[in-house]
Amino acid sequence: MTIDVADVSKRFGKFQALDSVSLSINKGEMITLLGPSGSGKTTLLRLIAGLDEPDGGDILFDGESVVGIGARHRAVGFVFQHYALFRHMTVFENIAFGLRVRPREQRLGPQEIHRRVDELLELVQVDWLAERYPHQLSGGQRQRVALARALAIEPKVLLLDEPFGALDAKVRKELRRWLRRLHDRTNMTSILVTHDQEEALEIADRVVVMGDGRIEQVGSPEDVYENPKSAFVLEFLGTVNRFRNGRPANADDTKTDEILLARPHEIGIEAEVNGPSVIRFIAPIGSTVRLEVETPSITDLIEVELPRFQFKRLGLKAGDRVRVTPLKVHTFR
Amino acid sequence: MSSANIVLSVPQRPRIVSTGAALRWTLIAVALGVIGLLIAMPLASVFAEAFRQGADAYFGALGDPMAIAAMKLTLIVAAIAVPLNLVFGVVGAWAIAKFEFRGKSFLIALIDLPFSVSPVVSGLVFVLLFGMQGWFGPFLIEHGVQIIFAVPGLVLATIFVTFPFVARELIPLMQQQGTQEEEAAVALGASGWQIFRRVTLPNIKWALLYGVLLCNARAMGEFGAVSVVSGHIRGATNTIPLHVEILYNEYNFVAAFAVASLLALLALLTLAAKAVLDWRLSVSPKPGERKT
Amino acid sequence: MSAVYSGWIPFKPKPSVIPGFGLTFGLTVTWLSLIVLIPLAALFARAASLGPDEFIAATASPRVLAALRLSFVTSIIAALVSTVLGGFIAWVLVRHPFPGRRFVDAIIDVPFALPTAVAGIALTTLYAETGWLGGLLAQIGIKAAFTPLGILIALVFIGLPFVVRTVQPVIEDLDHETEEAAACLGASRWQTLRRIVFPTIAPALVTGFTLAFARGVGEYGSVIFIAGNLPMVSEIAPLLIVIKLEEFAYAQATAIAVVMLCASFAFLLAINILQRRMAASRVSGR
């Protein structure tokens, strides 16, 4: 199913949550909405689901407007951040719920429902948990059940609101790869909301970066990372250092004459006996080494990231005097 | 990394799964109607009836010597019962909330027991102990000690029915607050009394105050239990609620409601105090509560 | 953890650096015994000292049985009415904010704080045929005061806040997302209320019901004025105890009190077991 969001706005009291946002999503695409809290990404997701109604603009499913149609009739699968499982029902009953509340004439027979639920349990790999209650499950298992429950009604689009936000790092990584494989199998249009840039870049066909109720940039993960359209996008996608006139600058330096931004791995560093900067801190983190460098004229420390082998070759240690230069810079006006 | 664009607090989203406006206001109207008929109107009628014949009749009824005697007696009974239950409520809450032991829930159930006993039975048990045909009654009367149909009986029955109030308010709060602060105080060398006075008491003072107010309201307003042990001797063993009953049964309605309005006022003050305390508690977050 | 504690001697605390357990526990148990336990024990000792014949004679009279039946039946009905109305009021208070809600919320507690005798005479005056509401009811041919209906009104007045205050926090804790999830899955508002919301607040409703019932069965002050107190018709068990005491028929009063306590205890125990069964079947998975 294609989804078109046309000029959609939404206010909550004085807060402009969405400011004429437009977005087209192709059939079978996996989209992530990425942005800080308050950027409007969850609002956009809830508008698409029909959990809220837009103040202005239109939302179209396969070219037909769905504004005014409640969530109940939109046939969307929605996965909540905190799972929202029905705690008085077993896993099986949770998944069967959407099938059992259908109008009588569309409802499947009990055996058919049983078969469908068993299939879904197998699909999300929790078939041995069917008779458990939600409070007896781990976070990862709960999220799988929530996903199976959303898939039970055969939705045309799957909407996920920070689905892995409450899980620990390892489970989160595992689940998002599994979700991507599941998406590739079912080929359902999917929209995932996250504030985790790594997650957004890893899982998506296209990333939508949002800020302050607007869409900042839409593009493939590669494109968004390599060619950020604004300082906001660049800064949201990771740490950046600022330079001005080829020299390091403070983050709050907003004079627009040639502000250059460079990521930590886009900075060259070399030892220099009377160099202007000093290494203050060295953190070896896995395959890379992160250095924090102090430069006299500014208060911010410059962050430099080097591959481990290069760091070793340079033989740097804390307290050494060095010179840093941006190798690749992003310029914005 | 720049964080200037991050908005920290997003206003609460209105929920679309809510009810339509017409139904919504119908539901509110029905609920208000039930509360109005069942609760607000009886309360209002106390004051309406009390002032039915004007302010003079009202204050005349309050100034009646028998009414004043009843007020004095009620104050005396409350002045004995409330402090005793205050002390033992705090002591009991300390033992229950600050220590782990087997049989704790059993002990809590015993403390709650007076709540589930009919007030009439609460009076009856003291008649059985100290009445003329009671276990200790004949012995005590021989030695000139009168408990039933006298002030000590009123006090005992009042202590019985108000027994759980203070402990009941304190135990959940103190359990929620845990023992870390007290343990820290021990580590810093404080004595038991110092810990209570300087660490625990400041944390529980509002709940304690509310417990005492509730205990006092019930002590002054208790009817069934004191009715059984009082003997209804005018000017001697009639508390305010008993005096109300007598006036009412004599068809002296204005006087009955005038005296009753004092108790209604006490109830309203107690509830107002509760509202203020609730507000205070909601302003200062409870310890251990997450900020969101 | 619990395995470690299971070897405890009853009432012996887990070691703690906080002082004062011996003192506070000792004082609590002493005071509790003096004020509550010994007097209540006296009641049962007294009842036990009656011979079986005496006991049956005291309780099996038609008047006593009628009073006990009236007390239990009106308490159960009143608790049911309180549960329905109280659940509804709690829902409206939490889910449908309106101007002045805080004030209305505070009013709910009036029956807790208002002395029962005051409530009793106020309800009687209000629902008597000469009263504001009794007059209206009389016009449609309903006599409230001085009938069992009056008892019911008084007991609903007393029971309502128990239900509201038990159910309200549970409704406040209800997760909006679960209801939204149900809507996304195609459930109608009614299906969501019936299948998602109701099962979640049902245990609180049951608890509210038992509290309202337990309070209602023993209620005295708010009932005796409005009841009419006609033997066999509108005379409640607690009043009969008082009447027997005034006649110095201590044995009879004791016997009625014990029957009343035991019956209400048995009823509450039955509800409790039912509740546990429901909870247990949930955990073990049917």
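Below is a summary of the structure that appears in this document. On a predicted model such as this, the values are computed, not experimentally measured, just so you know.

Conventions and cut-offs
- Residues numbered from 1 in each chain as written.
- Chains lettered and ligands numbered in written order.
- Predicted model: local features only at pLDDT ≥ 70, side-chain atom pairs only at ≥ 80, totals over all residues.
- Heavy atoms only, no water.
- Helix = DSSP H or I, 4+ residues; strand = E, 2+ residues; numbered from the N terminus.
- Rg over C-alpha atoms; globule rule 2.2 N^0.38 Å.
- Buried < 20%, exposed > 50% of the residue type's maximum accessible area, 1.4 Å probe, protein only.
- Areas by Shrake-Rupley, 256 points an atom, 1.4 Å probe, with all protein chains shown as cover.
- Lys, Arg positive; Asp, Glu negative; His and termini not counted.
- Charge placed at Lys NZ, Arg CZ, Asp CG, Glu CD.
- Contact = heavy atoms within 4.5 Å.
- Buried area = accessible area lost by both parts, 1.4 Å probe.
- Salt bridge = Lys/Arg side-chain N within 4 Å of Asp/Glu carboxyl O.
- Polar contact = N/O pair within 3.5 Å; in protein donor to acceptor, adjacent residues only side chain to side chain.
- Phe/Tyr/Trp six-rings, centres within 6.5 Å; stacked < 30°, edge-to-face > 60°.

## Let's talk about the overall build of chain B
1) Next: Counting its secondary structure elements, chain B contains 13 helices and 0 strands.
2) Next: Written out in order from the N terminus, the α and β elements of chain B read α-α-α-α-α-α-α-α-α-α-α-α-α.
3) Next: At 25 Å, chain B has a C-alpha radius of gyration far larger than the 19 Å of a compact globule built from 292 residues.
4) Next: Summarising its shape, the C-alpha atoms of chain B cover approximately 85 × 60 × 30 Å along the three principal directions.
5) Next: Counting across all 292 residues of chain B, residues that qualify as buried make up 49%.
6) Next: Total accessible area on chain B is roughly 13400 Å²; 65% of this is exposed by carbon and sulfur atoms.
7) Next: Of the side-chain charges in chain B, 19 are positive and 15 negative, and the distance between the mean point of each set is 13 Å.

## Considering the interface of chain C and chain B
Note: interface size is frequently given as the accessible area lost on complex formation between the parts.
1) Next: If you look at the interface, chain C gives 88 residues, while chain B gives 86 residues.
2) Next: Together chain C and chain B conceal approximately 8000 Å² of surface at their shared face, both sides included; 81% is due to carbon and sulfur atoms.
3) Next: When the area that chain C buries against chain B is broken down by residue, the three leading residues are Ile18, Trp31 and Tyr250 of chain C, summing to 9%.
4) Next: Linking chain C with chain B are 1 salt bridge.
5) Next: Note that Lys274 of chain B is salt-bridged to Asp109 of chain C, the shortest N-O span being 2.9 Å.
6) Next: Connecting chain C to chain B are 7 residue pairs in polar contact (both at pLDDT 80 or more).
7) Next: Among the elements that take part in the side of chain C that touches chain B, helix 2 (residues 21-49) of chain C stands out by supplying 17 residues, more than any other.

## A word on the interface of chain C and chain A
1) Next: The partner chain A presents 25 residues to the 23 residues of chain C that form the contact.
2) Next: Buried area between chain C and chain A, summed over both chains or domains, comes out near 2300 Å², and the portion from carbon and sulfur atoms is 60%.
3) Next: The interface formed by chain C and chain A includes 1 salt bridge.
4) Next: We note a salt bridge from Glu180 of chain C to Arg46 of chain A, for which the minimum N-O separation is 2.7 Å.
5) Next: Linking chain C to chain A there are 5 residue pairs in polar contact (both at pLDDT 80 or more).
6) Next: Mapped onto the side of chain C that touches chain A, the elements with two or more residues apiece are helix 10 (176-184), helix 11 (189-218) and helix 14 (250-284) of chain C.
7) Next: Per-element accounting of the side of chain C that touches chain A gives the leading share, 7 residues, to helix 10 of chain C.

## Describing the packing of aromatic side chains
1) Next: Within the structure shown, the criterion is met by 25 aromatic pairs over all chains.
2) Next: Note on Phe99 of chain B and Phe21 of chain C: the rings are 4.9 Å apart at their centroids and 65° apart in plane angle, and the pair reads as edge-to-face. Pair noted here: Phe99 of chain B is in the loop between helix 3 (65-97) and helix 4 (104-116) and Phe21 of chain C is in helix 2, and the two residues belong to different chains.
3) Next: Phe99 of chain B gets classed as buried once you look at its relative accessible area, which sits at 3%.
4) Next: Assessed through its relative accessible area of 10%, Phe21 of chain C is described here as buried.
5) Next: Look at Phe21 of chain C and Phe25 of chain C: their rings are 5.0 Å apart centre to centre, the planes differ by 20°, and that puts the pair in the stacked class. Taken together, the positions of Phe21 of chain C and Phe25 of chain C, both in helix 2 and 4 residues apart, correspond to about one turn of that helix.
6) Next: For Phe25 of chain C, a relative accessible area of 15% translates into the label buried.

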